Amino acid sequence: MSVEWLAIIMFAVFLVLLLAGYPVAFSFAGTAIVFGAIGILLGEFDFNRLIILFSRWFKAVDNFTLLAVPFFVYMGAILEKSGLAERMLTTIGMALGRLKGGLGLTVVLVGAMLAAATGVVAATVIVMGLLSLPTMVRYGYDHRLATGLITASGTLAQLLPPSLVLILLAQVVGVSVGDLFLGAMVPGFMLAAIYGLYVIYRAYKDPDAAPALPDEARTIRGLRLARELLIAVVPVILLILAVLGSIFTGIATPTEAGAVGATAAVALAAANRNLNRSVLVGASRSTANITGLVLMILFCSTFFQLIFDQLGGQRLAQEILTGLPGGFWGFIIIANIAVFLLGINLEFIEITFIVMPIFVPAVRVLFETGVTPFDTLPALMVWFTVMMAINLNMAFISPPVGFSLFYLQSVAPPEVRTIDIHRGALPFMVLQGVALVLVMIFPQTVIWLPSVVG
């Protein structure tokens, strides 16, 4: 048996462990230890090569951009735990409630705003599920439409900056976080617009599926509503625009913008008199948990990649991927299918550290052979990465085990059945598929920024 096939068996065993429910970090490290030992016993792996591991770990953590992860997570956690997200949802719901499908449009708008503020799918879906689903059910919304809207809109946090997914993908793919943020803006808002149009279509085709709020439910109107919009919504929008705008214009790096955003979120919570010890502790704990998870998986995946590479797995995978029928487009189709299928069962962090390190070298080889429709490698990498992020959106709401479905299921009221949550996601998967095809056919939706094209 050649050493390359030993690497393939290693990868297969790792996937089996993951699907069996073992923690990702332990699966990475355990598989690497076992197959590294097997490689040493077979004389196919030099133990001294493990010295490289320490320099890779240092290089991984000696990355200023990774500091953006805790800052953006903390910013979103403060907005969530201080009640600012709830107030924003209620206010926009009152403003749009008199329209058919108004609550649905509110979910899309607030979902996009929370996605741009939190960057974390679980937080966005759970907050939306807790706050909006009971209201939508109470006022007669179709359960499938309501749950599909929440899971799809909440999952926009995978795509809209400052997405945690995009930050980690940028490190693995080797592109600028700012370019990736900017490249994902049009596809992200395109998805939100498609959701909004779908809500309007359903509301006017079947008024019972998405009725307007009754007059007695709209307790805030007129000048009072305008004042509430000014206090509850405008500051959050300005915070998001200031953070992202400073990145896009080059005034601040993503890490610097994240630090300012986190501080501004605390100040905003304090100005609304919603800041207390429990909010700070809760936000800090959430940030520590997510950051610790990311770093642990980063360390263990680096160990796994070292063993996998030294056993020849990367070389074999590259040969297979670059030799697929259909050339470049054959690879693109296979890559999308693989990420979609893996994304149904795995979190985005696992996908980022498992699959992308295998795909990225193949993309670079295909670019060097001149078979891609792009003139620059950064343009190709940004376009490819945004496609993978859209694909993960689709996988995250895919029945029967899409993660966003379980996030919503954990907070759904008793009258909303699990089957409704799963069936409600299907139309939105189709809409996401449409967006993915549009981005594939029209790369200008992503590759329009001068820093990448030039």
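Look a little higher up for the structure.
Rules used throughout
Residues numbered from 1 in each chain as written. Predicted model: local features only at pLDDT ≥ 70, side-chain atom pairs only at ≥ 80, totals over all residues. Heavy atoms only, no water. Helix = DSSP H or I, 4+ residues; strand = E, 2+ residues; numbered from the N terminus. Rg over C-alpha atoms; globule rule 2.2 N^0.38 Å. Contact = heavy atoms within 4.5 Å. Areas by Shrake-Rupley, 256 points an atom, 1.4 Å probe, with all protein chains shown as cover. 1 Å grid on protein atoms, 1.4 Å probe; cavity = no way out; pocket = protein on both sides within 12 Å on 5 of 7 lines; lining within 4 Å. Points joined across faces, edges and corners; volume = space filled by probe spheres on them. Nonpolar A, V, L, I, M, F, W, Y, C, P; charged D, E, K, R; others polar. Salt bridge = Lys/Arg side-chain N within 4 Å of Asp/Glu carboxyl O. Buried < 20%, exposed > 50% of the residue type's maximum accessible area, 1.4 Å probe, protein only. Phe/Tyr/Trp six-rings, centres within 6.5 Å; stacked < 30°, edge-to-face > 60°. Axes fitted to C-alpha atoms, helices over the stretch in contact; angles between N-to-C directions. Left-handed = near helix turned anticlockwise from the far one by under 90°. Expected span 1.5 Å × (residues − 1). Core = buried A, V, L, I, M, F, W, Y, C linked by side-chain atoms within 4.5 Å. Arc of directions from axis to C-beta. Patch = residues over 30% accessible without salt bridge, like charges linked within 9 Å, V, L, I, M, F, W, Y side chains within 5 Å.

## Concerning the overall build of the protein chain
Inference 1: Within the protein chain, the secondary structure is distributed over 23 helices and zero strands.
Inference 2: For a compact globule of 454 residues, the expected C-alpha radius of gyration is about 22 Å, and the protein chain comes in at 23 Å, within 12% of that figure.
Inference 3: With the C-alpha coordinates of the protein chain rotated into their principal frame, the extents come out at 75 × 45 × 45 Å.
Inference 4: Across the protein chain, the fraction of contacts at a sequence separation of at least 24, relative to all contacts at a separation of at least 6, is 81%.
Inference 5: Carbon together with sulfur atoms contributes 67% to the accessible area of the protein chain, which is approximately 18600 Å² in total.

## Quick look at the layout of surface pockets
Inference 1: Considering only enclosed or pocket space, the second largest pocket measures out at about 490 Å³ in volume.
Inference 2: V120, A122, A123, S286 and I290 are, among the 25 residues lining the second largest pocket, the residues nearest its centre.
Inference 3: Looking at the lining of the second largest pocket, the elements with two or more residues in it are α2 (24–41), α4 (68–81), α7 (121–131), α15 (277–310) and α18 (348–354).
Inference 4: Ranked by residue count, the leading element in the lining of the second largest pocket is α15, at six residues.
Inference 5: A breakdown of the residues in the lining of the second largest pocket according to their chemical character gives 17 nonpolar, four polar and four charged.

## Concerning the pattern of salt bridges
Inference 1: Here the structure, examined in full by the defined rule, presents two salt bridges.
Inference 2: Its salt-bridge partner being D420, residue R144 comes within 3.7 Å of it at the nearest N-O pair. One end of the pair, R144, is in helix α9 (residues 143–154); the other, D420, is in helix α22 (residues 418–441), and 276 residues separate them in sequence.
Inference 3: Owing to a relative accessible area of 31%, R144 belongs among the partly exposed residues under this scheme.
Inference 4: One salt bridge connects D420 with R417, and the closest N-O pair in it is separated by 3.1 Å.
Inference 5: For R417, a relative accessible area of 48% translates into the label partly exposed.
Inference 6: In this structure, a network of salt bridges that share partners links the residues R144, R417 and D420.

## So, the packing of aromatic side chains
Inference 1: For the structure on display, the rule yields 14 aromatic pairs.
Inference 2: Centroid distance F11 to F14: 6.5 Å. Interplanar angle 45°. Geometry classified as tilted. Note that F11 and F14 are positioned in helix α1 (residues 3–19) at a spacing of three residues, about one turn of the helix. One exposure class covers both F11 and F14, and it is buried.
Inference 3: A ring pair is formed by F14 and F304, whose centres lie 4.9 Å apart and whose planes are at 45°; its orientation type is tilted. One end of the pair, F14, is in helix α1; the other, F304, is in helix α15, and 290 residues separate them in sequence.

## A short note on the packing of helix α5 (residues 84–96) against helix α12 (residues 222–232)
Inference 1: It is the contact of α5 with α12, at a shortest axis distance of 10 Å, that shows an interaxial angle of 145°. When the axes of α5 and α12 are compared, the crossing they make is left-handed. Only L225, E228, L229, I231 and A232 of α12 make contact with α5, whose side of the interface consists of R87, M88, T91, M94 and A95.
Inference 2: Here the residues of the contact of α5 with α12 are counted per class, giving seven nonpolar, one polar and two charged.

## Brief notes about α5
Owing to its 3.6 residues per turn, the α-helix aligns residues three or four sequence positions apart on the same side.
Inference 1: Here α5 contains 13 residues, and its C-alpha end-to-end distance of 18 Å stays within 8% of the 18 Å for a straight helix at 1.5 Å per residue.
Inference 2: Turning to α5, its buried residues number three or more, namely L84, A85, M88, L89, T91, I92, G93, M94 and L96.

## Overview of empty space enclosed by the protein
Inference 1: On inspection of all chains with the given rule, the structure shows one cavity of 30 Å³ or more.
Inference 2: The computed volume of the largest cavity comes to approximately 40 Å³.
Inference 3: Among the elements of the structure, α5, α12 and α13 (234–248) are those that each provide at least two residues to the lining of the largest cavity.
Inference 4: A per-class count over the lining of the largest cavity returns six nonpolar, one polar and one charged.

## Looking at the side chain of Q158
Inference 1: For Q158, the location among the structural elements is in the loop between α9 and α10 (164–173).
Inference 2: If we skip the residues at most four places from it in the chain, Q158 touches V121, S163, V165, L166, F348, A389, L392, N393 and F396.

## Section: the environment of V437
Inference 1: Structurally, V437 is set in helix α22.
Inference 2: In this structure, the C-alpha to C-alpha distance between V437 and G330, residues 107 residues apart in sequence, is 14 Å.

## Focus on the nonpolar core
Inference 1: The biggest cluster of nonpolar side chains holds 166 residues, and the ones touching the most others in it are F331, W383 and F384.
Inference 2: At 14 residues, helix α20 (residues 377–396) tops the list of elements feeding residues into this core.

## A closer look at the environment of A192
Inference 1: In this structure, A192 sits in helix α11 (residues 177–205).
Inference 2: For the pair A192 and S153, spaced 39 residues apart in sequence, the C-alpha separation works out to 7.1 Å.
Inference 3: Discounting residues that sit within four places of it in the chain, A192 has contacts with V108, A112 and L156.

## Some points on unusual backbone geometry
Inference 1: We note that R273 has phi near 60°; this positive angle belongs to a residue other than glycine.
Inference 2: The exposure class assigned to R273 is exposed, which follows from its relative accessible area of 80%.

## A word on α12
Inference 1: Of the positions making up α12, those classed as buried are L225, E228 and A232. For α12, the arc enclosing every buried residue in end-on projection is 60°, short of the 170-degree limit, so these residues lie on one face. Along α12, the residues that are exposed and aim more than 90 degrees away from the buried face are L223, R227 and L230.
Inference 2: Tucked into the core, α12 has its buried residues touching α5 and α13.

## Details of a nonpolar patch on the surface
Inference 1: A grouping of L230, V234, I237, L238 and L241 is seen on the molecular surface, where their side chains present a nonpolar patch of about 450 Å² in accessible area.
Inference 2: Sort the elements by how many residues they give to the nonpolar patch and α13 lands first, with four residues.
Inference 3: With respect to the secondary-structure elements, I237 resides in helix α13.
Inference 4: On the basis of relative accessibility, which here comes to 33%, the residue I237 falls in the partly exposed class.

So, to be careful, I would describe these as geometric facts and stop short of saying anything about function.
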